[in-house]
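# Residue-level structure breakdown
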Amino acid sequence: MQIDAARGDWEAAAQHCRAALATNADCLQARNLCAAVLRRAGRAAEAAQLVADSRALDPLDWWAAHLEGGAAAMRCDTQAALDVALDYAGAGGL
């Protein structure tokens, strides 16, 4: 998924996301990457639902918080913010 996202191949990334979530639907990193990819693929409603579901699973998931509300939603410490930045960087900066 990350490699496809870094290449900007949103459809391939979305396919790999579906496969990853079929294996482990509770993996927050995969869920958040999928949401970001779905947004880039023009599937905003599907991405929003995935983010909402992720926030329900873990309200302290800062990447999902950022996807949901932008930087204003990031009420976390510096280390958590850096972790989110590294997640984005690992996917090519999305």
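### Focus on the overall build of the protein chain
Per the secondary structure count, the protein chain includes 6 helices and 0 strands. The globule rule puts the C-alpha radius of gyration for 94 residues at 12 Å, and the 12 Å found for the protein chain is close to it. Principal-axis analysis of the C-alpha atoms places the extent of the protein chain at approximately 35 × 25 × 25 Å. Looking at the protein chain residue by residue over its 94 residues, the buried ones come to 36%. Look at the contacts in the protein chain between residues 6 or more apart in sequence, and 47% of them connect residues 24 or more apart. For the protein chain, the accessible surface area stands at approximately 5,200 Å², while carbon and sulfur atoms represent 54% of it. Looking at the protein chain, you have 8 positive and 12 negative side-chain charges, and the mean spots of the two groups are 5 Å apart.

### Structural notes on helix α4 (residues 44–57)
Under the 1.5 Å per step criterion, the end-to-end length of α4 is 20 Å for 14 residues, consistent within 8% with the ideal 20 Å. Of all the residues in α4, the buried ones are A47, L50, V51 and S54. In an axial view of α4, the angular spread of the buried residues amounts to 100°, which keeps them on one side of the axis. Facing away from the buried surface of α4 by more than 90 degrees, the exposed residues are A45 and A56.

### As for the nonpolar core
Residues A5, L33, V37, L67 and L94 are the most contacted members of the largest nonpolar core, which totals 23 residues. Taken together, the elements giving at least two residues each to this core come down to α2 (10–23), α3 (28–40), α4, α5 (62–69) and α6 (78–90). Take this core: its biggest share by element is 7 residues, from α3. Every residue in contact with L33, bar those within four places of it in the chain, is listed here: M1, Q2, A5, C17, W63, A91 and L94.

Cut-offs and rules
Residues numbered from 1 in each chain as written. Predicted model: local features only at pLDDT ≥ 70, side-chain atom pairs only at ≥ 80, totals over all residues. Heavy atoms only, no water. Helix = DSSP H or I, 4+ residues; strand = E, 2+ residues; numbered from the N terminus. Rg over C-alpha atoms; globule rule 2.2 N^0.38 Å. Buried < 20%, exposed > 50% of the residue type's maximum accessible area, 1.4 Å probe, protein only. Contact = heavy atoms within 4.5 Å. Areas by Shrake-Rupley, 256 points an atom, 1.4 Å probe, with all protein chains shown as cover. Lys, Arg positive; Asp, Glu negative; His and termini not counted. Charge placed at Lys NZ, Arg CZ, Asp CG, Glu CD. Expected span 1.5 Å × (residues − 1). Arc of directions from axis to C-beta. Core = buried A, V, L, I, M, F, W, Y, C linked by side-chain atoms within 4.5 Å.

Shape descriptors only; they carry no functional weight alone.
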